[in-house]
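Spelled out, the chains give:
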Amino acid sequence: MSFSGTVLITGATAGIGEACARAFAAAGARLVLTGRRRERLQALADELRQAHGTETHLLAFDVRDREAVFAAVGGLPPEWAAIDVLVNNAGLGRGMDKVQAGDVDGWDEMVDTNVKGLLYATRAVMPGMVERGRGHVINLGSVAGHEVYPGGAVYCATKHAVGAITRGLRMDLLGTGVRVSTVDPGMVETEFSVVRFHGDRDRADKVYRGMTPLTPADIAETVLWVATRPPHVNIDEIIIKPTDQASATLVHRSETPA
Ligand code: NDP
Ligand code: 8X3
């Protein structure tokens, strides 16, 4: 698959966003890479330049910071301002406590990042796409946007919101030529579970024990495929799960986790 446009990826410092950067770079894209950890953005940019000659522009900001998002996108130099694809990937889960014992700071983090951050990035990029009469917003939803599981009420609510925003945005953009899609993975082994469990690597490892999860590259390949359909084709949503996962809670494991 080849792609010659400019792609802005939120959360390109790890996991699925980083894999999307690699996939789009290999396909020939120019990349605006964003995330809070600037040194990781720089290392990725260096790697992609060496591997594919990829041109990159780096923006380190927190998607929860509304002013920072609008300043970063609004301040793009003219040669980087025309974004063809926005990959709204930055996101996280925090904890798996029951609501009645929930960590309220974690709720704020999830809602502010997964819902409000996604909206800020979309609002900042969208006017240019509408003006040019083309563009593509690809959101990272989740199986958690289709199902709910114990201890996941707030995370699942944010991903249900991503689904609602995706569908509403597609209606709002009807007739503009701008496409809107969501790619909704099940279990993908990234830093997601380490972040969810506040750095508890052993607990994070247990999430994937005895089963074969998806890789970030599996999802990146799907995102690239969605972006490279002909302009008259809009892939609305794709749910992609490991073969070992039948639902958010039903996972086949070859051994019982300790
Ligand atoms: P990772 O933790 O590996 O990566 C998350 C990325 O999001 C990092 O690049 C991080 O960058 C960025 N990010 C988080 N918070 C912020 C913030 N406030 N501002 C800017 N960037 C931020 O997780 P994944 O790659 O797994 O997750 C990517 C997306 O995929 C998320 O939306 C997640 O909900 C979704 N998803 C993940 C699944 C999984 O099983 N892993 C399954 C389904 C969906 P930095 O910390 O440098 O800012
Ligand atoms: C992340 C995967 O199953 O924890 O969206 O919801 S899950």
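I will try to describe carefully the structure that is included in this document. Here, residues in each chain are numbered from 1, in the same order as that chain's written sequence. The naming scheme follows written order: chains are lettered A onward, ligands numbered 1 onward. In view of the model being predicted, local features appear only for residues whose pLDDT reaches at least 70, and side-chain atom pairs are presented and counted only at 80 or more, with totals across whole chains, interfaces and linings using the full set of residues. Note that water and hydrogens are dropped before the side-chain values are worked out from all heavy atoms of the structure.

**Description of the overall build of the protein**
Next, step 1: The helix and strand labels rest on DSSP assignments: H or I over at least four residues marks a helix, E over at least two residues marks a strand, and numbering proceeds from the N terminus. The secondary structure content of the protein amounts to nine helices and seven strands.
Next, step 2: In terms of C-alpha radius of gyration, the protein reaches 18 Å, essentially the compact-globule figure of 18 Å for 258 residues.
Next, step 3: Across its three principal directions, the C-alpha atoms of the protein cover 55 × 40 × 35 Å.
Next, step 4: Burial status follows relative accessibility: with a 1.4 Å probe on protein chains alone, a residue under 20% of its type maximum counts as buried, one over 50% as exposed, and anything between as partly exposed. The buried share of the protein, taken over its 258 residues, is 50%.
Next, step 5: Method for areas: the Shrake-Rupley scheme with a 1.4 Å probe, in which residue coverage is limited to the protein chains shown. Total accessible area on the protein stands at roughly 11,900 Å², and carbon and sulfur atoms take up 52% of it.
Next, step 6: His residues and chain termini do not enter the charge count, which takes Lys and Arg as positive and Asp and Glu as negative. Throughout, a charge is located at the NZ atom of Lys, the CZ atom of Arg, the CG atom of Asp or the CD atom of Glu. With 27 positive and 31 negative side-chain charges, the protein shows a separation of 2 Å between the mean positions of the two kinds. Our radius of gyration looks at C-alpha atoms and nothing else; its globule reference is 2.2 Å times the residue count to the power 0.38.

**Side note on the site of ligand 2**
Next, step 1: Here, proximity means that at least one heavy atom of the residue falls within 4 Å of the molecule or strand. In the vicinity of ligand 2, the contacting residues are S142, A144, Y149, Y155, F192 and R196.
Next, step 2: Polar contact is defined as a pair of N or O atoms within 3.5 Å, subject to the rule that within protein one atom must be able to donate a hydrogen and the other to accept it, and that residues adjacent in sequence are counted only when both atoms are side-chain atoms. Contact distances for ligand 2 include 2.9 Å between an oxygen atom and a side-chain N or O atom of Y149.
Next, step 3: Take Y155: an N or O atom from its side chain is 2.6 Å from an oxygen atom of ligand 2.
Next, step 4: Here ligand 2 loses 85% of its free accessible area of 250 Å² to cover by the protein chains.
Next, step 5: Residues belonging to the shell around ligand 2 are distributed by class as follows: four nonpolar, one polar and one charged. Residues are grouped as follows: Ala, Val, Leu, Ile, Met, Phe, Trp, Tyr, Cys and Pro are nonpolar; Asp, Glu, Lys and Arg are charged; every other residue, Gly included, is polar.

**Structural notes on a negative patch on the surface**
Next, step 1: A contiguous patch of negative charge on the surface is contributed by D97, D103, D105 and D108.
Next, step 2: When you line up the elements, D108 lands in helix 5 (residues 104-132). Patch building starts from residues that exceed 30% relative accessible area and form no salt bridge, then joins like charges within 9 Å and nonpolar side chains (Val, Leu, Ile, Met, Phe, Trp, Tyr) within 5 Å. In the sections that follow, a salt bridge refers to a side-chain nitrogen of Lys or Arg positioned within 4 Å of a carboxyl oxygen of Asp or Glu.

**Details of the site of ligand 1**
Next, step 1: Around ligand 1, 29 residues are found, and the nearest of them are T13, R36, R37, Y155 and T190.
Next, step 2: Interatomic distance of 2.8 Å between a side-chain N/O atom of D62 and a nitrogen atom of ligand 1.
Next, step 3: Relative to its free-state accessible area of 880 Å², ligand 1 is covered by the protein chains to the extent of 96%.
Next, step 4: Looking at side-chain class alone, the shell around ligand 1 contains twelve nonpolar, eleven polar and six charged residues.

**Description of the packing of aromatic side chains**
Next, step 1: For Phe, Tyr and Trp, where Trp contributes only its six-membered ring, two rings pair if their centres lie within 6.5 Å, and the inter-plane angle classes them as stacked under 30 degrees, edge-to-face over 60, or tilted in between. A full pass over the atoms with the stated rule returns two aromatic pairs.
Next, step 2: Taking 5.6 Å as the distance between ring centres and 80 degrees as the angle between the ring planes, the aromatic pair formed by F3 and F24 counts as edge-to-face. Placement of F3 in the segment before strand 1 (6-9) and of F24 in helix 1 (residues 15-27) is noted, with a sequence separation of 21 residues between them.
Next, step 3: Overall, F24 belongs to the buried group, its relative accessible area being 0%.
Next, step 4: Considering the side-chain rings of Y155 and F192, the 5.3 Å spacing of their centres and the 65 degrees angle between planes classify their relative orientation as edge-to-face. Here Y155, found in helix 6 (residues 153-172), pairs with F192, found in helix 7 (residues 192-196); they are 37 residues apart in sequence, far enough to count as distant.
Next, step 5: The class for Y155 is buried, based on a relative accessible area of 8%.
Next, step 6: Note on criteria: charge over ring means Lys NZ or Arg CZ within 6 Å of the ring centre, with the direction from the centre no more than 35 degrees off the ring normal. Seen from the ring of W80, R30 lies directly overhead, with NZ or CZ sitting 3.9 Å from the centre.
Next, step 7: Positioned above the aromatic ring of Y155, the side-chain terminus of R196 is 5.1 Å from the ring centre.

**Focus on the sheet that holds strand 3 (residues 56-60)**
Next, step 1: One bridge is not enough; two strands pair if DSSP finds at least two bridges between them. Ordered by their spatial adjacency, seven strands build an open sheet running 3-2-1-4-5-6-7, and the pairing between neighbours is parallel. Since the sheet does not close on itself, it has two edges, and those belong to strand 3 and strand 7 (237-240), each with one partner. Averaged over all neighbouring strand pairs, the angle between strand axes comes to 15 degrees, with direction disregarded.
Next, step 2: Pairing geometry for strand 1 and strand 2 (residues 30-35), over four bridges, is parallel. The residue of strand 2 that forms the bridge with V7 is L31.
Next, step 3: In what follows, a contact means two residues having at least one pair of non-hydrogen atoms within 4.5 Å. Axis lines are fitted through C-alpha atoms, for helices just across the contact stretch, and the angle between N-to-C directions can take any value from 0 to 180 degrees. Across the sheet, helix 9 (residues 216-227) is in contact with strand 4 (85-88), strand 5 (135-140), strand 6 (178-185) and strand 7; its angle to strand 6 comes to roughly 160 degrees.

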